[in-house]
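# Structure assessment
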Amino acid sequence: MPTGPSQSGYAAPMFGASVPQAEAHGHGTSTGYSFAAQPGFSPPTPSTHGGALASLPYPITAQHAPASQHPPDPSMGPSFGFNRWTGDPIPGAGSMSSGFPPGPGPARDPSTEARIEQQRRDTINMRVTEQGRILGRTLECWKNLQSVLDAGWSRNTTLGSNHYSTGDQENHRIYDALVERVPFLPDEIKKHGPGSTAQIAKLINNGRKSARHMDVRGFKINIMHWHDFEPALKPTEMQERGFRHPECGRLLCPPMYNYSDPQVAKGLEEQNPRFDIGPANWPAFLWLGEVHNPEDFHAGFLKNEILVSGVKHILHGPSVAIAGDAADQDGGRGTKKSNADHYSITNVTDPLLAYVCMIMRFALSSQKTFGSGGSHGNWPYRAFYTDVLHYLRKDMPVEVHHELMLWWQSRIFPHGETSTNENTYIGPARESTAQKMRSQVRARPTAAAGEGGLAHHATEADVGFQPGMPGGALGDASNTYF
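These notes cover the structure that comes with them.

### A closer look at the side chain of R208
Structurally, the position occupied by R208 is in helix α6 (residues 197-222). An unpaired buried charge is present at R208: no salt bridge exists, and E140, the closest side chain of opposite charge, is 4.6 Å distant. Side-chain polar atoms of R208 contact the backbone oxygen of K143, separated by 3.0 Å.

### Considerations on the pattern of salt bridges
Across all of its chains, the model carries 13 salt bridges by this definition. Taking the shortest distance from any N to any O, the salt bridge between E117 and R121 comes out at 3.4 Å. With E117 and R121 both in helix α2 (residues 110-138), this residue pair falls four residues apart, about one helical turn. A relative accessible area of 25% means that E117 is categorised as partly exposed. For E305, the salt bridge identified is with R411, shortest N-O distance 2.8 Å.

### Here's the deal with the packing of helix α13 (residues 350-364) against helix α14 (residues 381-395)
Contact geometry of α13 with α14 gives a least axis separation of 9 Å together with a crossing angle of 145°. Between α13 and α14 lies a crossing of right-handed hand. Residue-level inspection shows D350, P351, L353, A354, Y355, C357, M358, R361 and F362 of α13 in contact with α14, the latter providing Y381, F384, Y385, V388, L389, L392 and R393. Here the residues of the contact of α13 with α14 are counted per class, giving 13 nonpolar, no polar and three charged.

### Quick look at α14
Spanning 15 residues, α14 covers 20 Å between terminal C-alpha atoms, matching the ideal 21 Å at 1.5 Å per step. Among the 15 residues of α14, 15 are classified as buried, and the element is accordingly described as predominantly covered.

Rules of the game
- Residues numbered from 1 in each chain as written.
- Predicted model: local features only at pLDDT ≥ 70, side-chain atom pairs only at ≥ 80, totals over all residues.
- Heavy atoms only, no water.
- Helix = DSSP H or I, 4+ residues; strand = E, 2+ residues; numbered from the N terminus.
- Buried < 20%, exposed > 50% of the residue type's maximum accessible area, 1.4 Å probe, protein only.
- Lys, Arg positive; Asp, Glu negative; His and termini not counted.
- Salt bridge = Lys/Arg side-chain N within 4 Å of Asp/Glu carboxyl O.
- Polar contact = N/O pair within 3.5 Å; in protein donor to acceptor, adjacent residues only side chain to side chain.
- Axes fitted to C-alpha atoms, helices over the stretch in contact; angles between N-to-C directions.
- Left-handed = near helix turned anticlockwise from the far one by under 90°.
- Contact = heavy atoms within 4.5 Å.
- Nonpolar A, V, L, I, M, F, W, Y, C, P; charged D, E, K, R; others polar.
- Expected span 1.5 Å × (residues − 1).

Have a look at this one:
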């Protein structure tokens, strides 16, 4: 079949049927388009071709077409229409709405293909990094994420959990939680190969580090609004905090020491080795009113109001944390979308409580910069986080943990539904607070263990970190993993 030239970039098939001259000059009533007449050819009429105008012998001219039919401005980027039969994208046809396919057209520009693929990658990278921000707070703060992805991806789901080590089981649990929030992760690993897990882990870790930096700064600035400090704290001057500040020192002092004793306060300020303030000797601010019961360390444990403010700061925002219970009574959390709303968080998790304890401990201290710690002059924050999390998951009695989580639900989500979902330091010379709490648990009647044991969710697939075990977070990385 002969073809003629086309101003729209493709060759239109030619037909020999004649039509009234008026329609050849655009006076027809069926389409409203004007055609450029070419010698020896005339466009078909609706009457002879069923009104479909499926194939036109002449192109629509831009000067006579309606404004909405003009070719798209190249400066605005590619515009795509689609062939109604093949579904293939057609460059430049995105604004065509005449109801008929414009024709085969040229192949898509390779640069356009690359640009579209890059946009897809950027979107995926952004989503993965964004999820890392909340996962580091509510799921796992320090663990090496590449080992998690490698273990989860290579897992044989036909084998039972007993086939895997406790470390692998923990990696599988975290991997499943990651996939729940980022469902396309397995497809991306499959598409780009197991080697892509390193770059994906870096993206997630970038999100974790960004959130940690934001929370550290937020706690440092806002902690003065969550508790009465005398003398008042300055937002960014950390050197005036810690055991140099009487109230900060009282909150940081382990319960085994009497901070009201001037000799104890002086010894802590001077870092006397007689007074152990390591990560297993948990600070007083973990207990309600900074008061503990030596006969029952669980009384008031993790119910201090300063911790409630910290959790609200992360999930609901700084203004809600400052307003306190008044915001709960009003039933409002401001107009800005909170992290809880953005990430669909409906329950408080064990890792979130351990995370808030860790950041709060730093905000009260005189240490200038936050880090995992363990080296000279840097308190071991990762070991502290790990120890608190391990106790919550493995050692706290089931009934005590259940009551604790219900209490937190009522304080953080008072208007929402209650969820039951879980989600190298030398040891102290004397028995630490954590050891005393574990001893109390072991001394409980065996009947209590028969009702659920010590670990409220101690399934084989839910094995926590060993106290003091280093995590191994990845360092900075690029923003693209493909």
